[in-house]
Structure formats: structure tokens, C-alpha cells
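# Coordinates in review
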Amino acid sequence: EPEVTQTPSHQVTQMGQEVILRCVPISNHLYFYWYRQILGQKVEFLVSFYNNEISEKSEIFDDQFSVERPDGSNFTLKIRSTKLEDSAMYFCASRGAQGRSQPQHFGDGTRLSIL
Amino acid sequence: AQTVTQSQPEMSVQEAETVTLSCTYDTSESDYYLFWYKQPPSRQMILVIRQEAYKQQNATENRFSVNFQKAAKSFSLKISDSQLGDAAMYFCATYTIYNQGGKLIFGQGTELSVKP
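This section reports on the structure supplied with the text.

## Digging into the overall build of chain B
Per the secondary structure count, chain B includes zero helices and twelve strands. In chain B, the succession of α and β elements from N to C terminus is β-β-β-β-β-β-β-β-β-β-β-β. For 116 residues, the compact-globule estimate of 2.2 N^0.38 gives 13 Å, and the C-alpha radius of gyration of chain B, at 14 Å, lies within 12% of that figure. By its C-alpha atoms, chain B is 45 × 30 × 25 Å across when sized along the principal axes. The buried share among the 116 residues of chain B stands at 51%. Averaging the positions of the 10 positive and the 11 negative side-chain charges in chain B gives two centres separated by 4 Å.

## Details of the sheet that holds strand 3 (residues 19-24) of chain A
Residues and elements named next belong to chain A. Taken together, four strands build an open sheet; the order of strands is 1-3-8-7 and the sheet is antiparallel. A strand with exactly one partner marks an edge of an open sheet, and here the two such strands are strand 1 (5-7) and strand 7 (65-68). Along the sheet, successive strands turn relative to each other by an average axial angle of 20°, direction set aside. Where strand 1 meets strand 3, three bridges bridge the pair, whose relative direction is antiparallel.

## What to know about the interface of chain B and chain A
Often, the extent of an interface is quoted as the loss of accessible area on bringing the components together. Contacts between the two partners involve 24 residues from chain B, matched on the other side by 24 residues from chain A. Taken together, the two surfaces of chain B and chain A that pack against each other cover about 2300 Å², and 51% of this comes from carbon and sulfur. For the interface between chain B and chain A, the tally reads one salt bridge. The partner of Glu56(A) in a salt bridge is Lys103(B), with the nearest N and O atoms 2.9 Å apart.

## So, the pattern of salt bridges
Residues and elements named next belong to chain B. Applying the stated criterion across every chain, the model contains five salt bridges over all chains. When the shortest N-O distance is used, the salt bridge between Glu52 and Lys55 registers 3.9 Å. Looking at Glu52, the relative accessible area reads 10%, which means it is buried. Ionic pairing is found between Asp86 and Arg63, a salt bridge with its closest N-O pair at 2.8 Å. Of this pair, Asp86 sits in the loop between strand 9 (74-79) and strand 10 (88-96) while Arg63 is found in the loop between strand 7 (60-61) and strand 8 (64-69), placing the two residues 23 residues apart along the sequence. Neither residue differs from the other here; Asp86 and Arg63 are each classed as buried.

## Some points on the packing of aromatic side chains
Scanning the model with the defined rule gives 20 aromatic pairs over all chains in all. Geometrically, the ring pair formed by Trp34(A) and Phe75(A) is stacked, given 5.9 Å between the ring centres and 25° between the ring planes. With Trp34(A) in strand 4 (residues 31-37) and Phe75(A) in strand 8 (residues 75-79), the pair connects residues that are 41 residues apart, well separated along the chain. Classification of Trp34(A) by relative accessible area gives buried; the value is 0%. Residues Phe91(B) and Phe106(B) carry aromatic rings whose centres are separated by 6.1 Å and whose planes lie at 90° to one another, so their mutual orientation is edge-to-face. Highlighted residues: Phe91(B) in strand 10 and Phe106(B) in strand 11 (residues 103-106), separated in sequence by 15 residues. Grouping residues by exposure puts Phe91(B) and Phe106(B) together as buried. One aromatic cluster is present, formed by Tyr33(A), Tyr35(A), Phe45(A), Phe91(A), Phe106(A), Tyr33(B), Phe35(B), Tyr37(B), Phe91(B), Tyr95(B) and Phe106(B) through successive ring pairs. Stacked on the ring of Tyr31(A), the Lys or Arg Arg95(A) has its end atom at 4.1 Å from the ring centre.

## Brief notes about the side chain of Asp86(A)
Residues and elements named next belong to chain A. With respect to the helices, strands and loops of the structure, Asp86 is situated in the loop between strand 8 and strand 9 (88-95). Salt bridges are absent for the buried Asp86, whose nearest opposite-charge side chain, Arg36, sits at 4.4 Å. Ignoring sequence-local partners within four residues, the contact set of Asp86 consists of Arg36, Phe65, Ile79, Ser81, Leu112 and Ile114.

## Brief notes about unusual backbone geometry
Only a minority of non-glycine residues have a phi that is not negative, and only a minority of peptide bonds are not trans. A cis amide bond links Thr7(A) with the next residue in sequence, Pro8(A), at an omega value of -10°. Topologically, Pro8(A) is positioned in the loop between strand 1 and strand 2 (10-13). Phi at Asn62(B) is positive, roughly 55°, even though this residue is not glycine. Along the chain, Asn62(B) turns up in the loop between strand 7 and strand 8.

Rules used throughout
- Residues numbered from 1 in each chain as written.
- Chains lettered and ligands numbered in written order.
- Predicted model: local features only at pLDDT ≥ 70, side-chain atom pairs only at ≥ 80, totals over all residues.
- Heavy atoms only, no water.
- Helix = DSSP H or I, 4+ residues; strand = E, 2+ residues; numbered from the N terminus.
- Rg over C-alpha atoms; globule rule 2.2 N^0.38 Å.
- Buried < 20%, exposed > 50% of the residue type's maximum accessible area, 1.4 Å probe, protein only.
- Lys, Arg positive; Asp, Glu negative; His and termini not counted.
- Charge placed at Lys NZ, Arg CZ, Asp CG, Glu CD.
- Pairing = 2+ DSSP bridges.
- Axes fitted to C-alpha atoms, helices over the stretch in contact; angles between N-to-C directions.
- Contact = heavy atoms within 4.5 Å.
- Buried area = accessible area lost by both parts, 1.4 Å probe.
- Salt bridge = Lys/Arg side-chain N within 4 Å of Asp/Glu carboxyl O.
- Phe/Tyr/Trp six-rings, centres within 6.5 Å; stacked < 30°, edge-to-face > 60°.
- Lys NZ or Arg CZ within 6 Å of the ring centre and 35° of its normal.

The structure is reproduced here in C-alpha cells:
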């Protein structure tokens, strides 16, 4: 079964550094998402992306965050200047276009640790 | 704003028994979808079951079924014949369409332990 792939599985970065989290969505999917889960808390929506532009973003997704689909397969989340509070699990998800009830399929996540 | 509430932080069930996880939600949307996701210790997010709000029939998926009460805005998950591999965090989530994308709103989760 096709799956969403995220790399790296664990990223350790110094505070203030830029970090790029990478995702390869399922190949025929058209809707892409990033979610965040701080340890012990619920999963929170960050941003949705469709047709090469952001569809919606949450309050968490401020100017330090950006997303990009640089080619036909990758979907990236960039944090420009990381803060301690950015430490979390980041999940990428994708959804097909075959009807709105299609579920979002999640990757295994990238654990981001900011030192 | 949409909210999802899971009032049971932790639940426990004996292997082979049945357990029900509760979820309530609040939305002003008329068209929405409901999901249960499972998150084992590896922290993957695995889809368990989904329900379209316009459907009256409760969804079932093997040992997993839901009790969807639209008027009460309740969406509980029943796990029958519980197995050790069912031990995980379970998240209830709603989904509506905004513009082209849509987003999932998650509850706080219920940690399910299964006793042998």
C-alpha cells in the first residue's frame, strides 16, 4: 500500500538555526498537510496546501514557517529560526482528490528537538 | 470554532473484552466527517475508522465500530475482542472543508491499555 514518507525521523538542531523537514506524499494525492504534536499533547493543524499554494494556516504557522513543493514529489516544511518551543513531532499528511471523505494519510513523523 | 473533546484520558480493558472510547464534538458546519486515529508508542498516526456525517448508518471496520449520534454530537469508538496490539493512544478527529484543503481537528486523546 502506498504511504507517506518523512525524513529525517529525528532532527536535532540548535536554537536559532533553520531546519527543513521533508515529506514525500502519496503519488496521486493533491492535498498536503503539516501537523504538529508537542510531547504529551494533541495533534495540531499547521497548514494545508493545494494547487501550489497554502489553502489554510493556523495561528501557529507564523512568519517563521514556510512550505514548498519544490518538485513533483516532495513537500517541505521550513522553520527559519527555530525556538525551543518548536520541539515536537511533525507529521506530514496527504489526501486524494476522489471525494471529500477521503481520509488523510499520515507519515511516521519527524521528531524535532531544539537545543 | 470547532472543538473535539475526549473526556477519558485513560482507559483499560481486559484482552478479548469490549471497550468504548468516548468523543464529543462541536461544529457549526453541516457537512463534516469524523475519524478515529490510533497512535501506538512508535507515534505513527494510523486511521482506524471514518464516518460521514450525512450517513445515518454507523461505520464498522472488523472489530472496530462507531456509535454516531449526530444530534448529540457524539462519536464513540467500540473495540470488540480487544487484542494486545490495540494498546495505543486513540484520537478522535473532525474534518470539514475550507477552501480547497480542509483540516483535521483532534481531541486530546485517550490512552488505551490492554491487560493480558
